[in-house]
Amino acid sequence: DVKVTQSSRYLVKRTGEKVFLECVQDMDHENMFWYRQDPGLGLRLIYFSYDVKMKEKGDIPEGYSVSREKKERFSLILESASTNQTSMYLCASRQGGRTYYGYTFGSGTRLTVV
Amino acid sequence: EDKVVQSPLSLVVHEGDTVTLNCSYEVTNFRSLLWYKQEKKAPTFLFMLTSSGIEKKSGRLSSILDKKELFSILNITATQTGDSAIYLCAVSGGTSYGKLTFGQGTILTVHP
């Protein structure tokens, strides 16, 4: 069964900490995405990567960075966590070139910044 | 800026009722519209729509797209408590990478 795995289901961090959210997919997909999900706002795109070592800003990249050193792994980095980054973070992947199709999602990481 | 709007934002019904969820969009380079169901964890895929007027159906769920009026509806007949979830509408468009733009989601609660 194909999978997108996010390393943590729940995470609690302190304000100012550097936070790493990890995502690994086993489907050999080129495209990977990070979204955050907030009530009433839906899913908003933070960053995406269309191939290894490539990255593009999404709609809300401020306060975040990403790393894609290997095809299967896409990391989201909160450089200095703030309380307004408390949210559900969803990672997703899709085969390259299949722009009509949807994503396969991970189960999400619920991050609380205190 | 690409935009997807869902309505209603929340809905409470009783088992056996029929519900209609709405999704309107403004997206450059439209490719497809997708519906997802999200329970406690990862969103799961329901439908992908690319052509106007062709109904997609899966059991009690069905969906249709109107590319002229830029909207889609998701119908659920004879609702069950297991249908309680967030229903997400997303549209693929924009650059050649076809990123998905999501609506706010509709929270459906089905009471016994």
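Residues numbered from 1 in each chain as written. Chains lettered and ligands numbered in written order. Predicted model: local features only at pLDDT ≥ 70, side-chain atom pairs only at ≥ 80, totals over all residues. Heavy atoms only, no water.

1. Section: the interface of chain B and chain A
The interface is formed by 22 residues belonging to chain B together with 22 residues belonging to chain A. Between chain B and chain A, the buried area comes to about 1,800 Å², and carbon and sulfur atoms account for 60% of it. Counting the surface chain B buries against chain A, the share from its top three residues, Tyr-97, Lys-99 and Phe-102 of chain B, is 32%. On the surface where chain B and chain A come into contact, there are 0 salt bridges. Here chain B is connected to chain A by 5 residue pairs in polar contact (both at pLDDT 80 or more). If you list the elements that add at least two residues to the side of chain B that touches chain A, you get strand S4 (32-38), strand S9 (85-93) and strand S10 (99-102) of chain B. Examining the composition of the side of chain B that touches chain A, we find that 4 residues originate from one element, S4 of chain B, more than from any other. (Contact = heavy atoms within 4.5 Å. Buried area = accessible area lost by both parts, 1.4 Å probe. Salt bridge = Lys/Arg side-chain N within 4 Å of Asp/Glu carboxyl O. Polar contact = N/O pair within 3.5 Å; in protein donor to acceptor, adjacent residues only side chain to side chain. Helix = DSSP H or I, 4+ residues; strand = E, 2+ residues; numbered from the N terminus.)

2. Notes on unusual backbone geometry
Cis rather than trans, the peptide bond between Ser-7 of chain B and Pro-8 of chain B has omega equal to -10°. You can see Pro-8 of chain B is positioned in the loop between strand S1 (3-7) and strand S2 (10-14). Phi at Lys-53 of chain A is positive, roughly 65°, even though this residue is not glycine. Position of Lys-53 of chain A among the secondary structure elements: in the loop between strand S5 (42-49) and strand S6 (56-57). Here Leu-70 of chain B, not a glycine, exhibits a phi torsion of approximately 60°, which is positive. In this structure, Leu-70 of chain B sits in the loop between strand S7 (61-66) and strand S8 (71-76). The exposure class assigned to Leu-70 of chain B is partly exposed, which follows from its relative accessible area of 33%. (Buried < 20%, exposed > 50% of the residue type's maximum accessible area, 1.4 Å probe, protein only.)

3. What to know about the state of the cysteines
Taken as a whole and judged by the stated rule, the model has 2 disulfides over all chains. Two residues share a disulfide in this structure: Cys-23 of chain A and Cys-91 of chain A, whose sulfurs sit 1.9 Å from each other. Since a negative S-S torsion denotes a left-handed disulfide, the Cys-23 of chain A-Cys-91 of chain A link at about -75° is left-handed. Of this pair, Cys-23 of chain A sits in strand S3 (residues 19-25) while Cys-91 of chain A sits in strand S9 (residues 87-94); the two residues are 68 residues apart in sequence, bridging distant segments of the chain. Between Cys-23 of chain B and Cys-89 of chain B runs a disulfide, and the two sulfur atoms are separated by 1.9 Å. Across the S-S bond of Cys-23 of chain B and Cys-89 of chain B the torsion is about -70°, and the bridge reads as left-handed. Of this pair, Cys-23 of chain B sits in strand S3 (residues 19-26) while Cys-89 of chain B sits in strand S9; the two residues are 66 residues apart in sequence, bridging distant segments of the chain. In this pair, the class of Cys-23 of chain B matches that of Cys-89 of chain B, namely buried. (Disulfide = S-S within 2.5 Å.)

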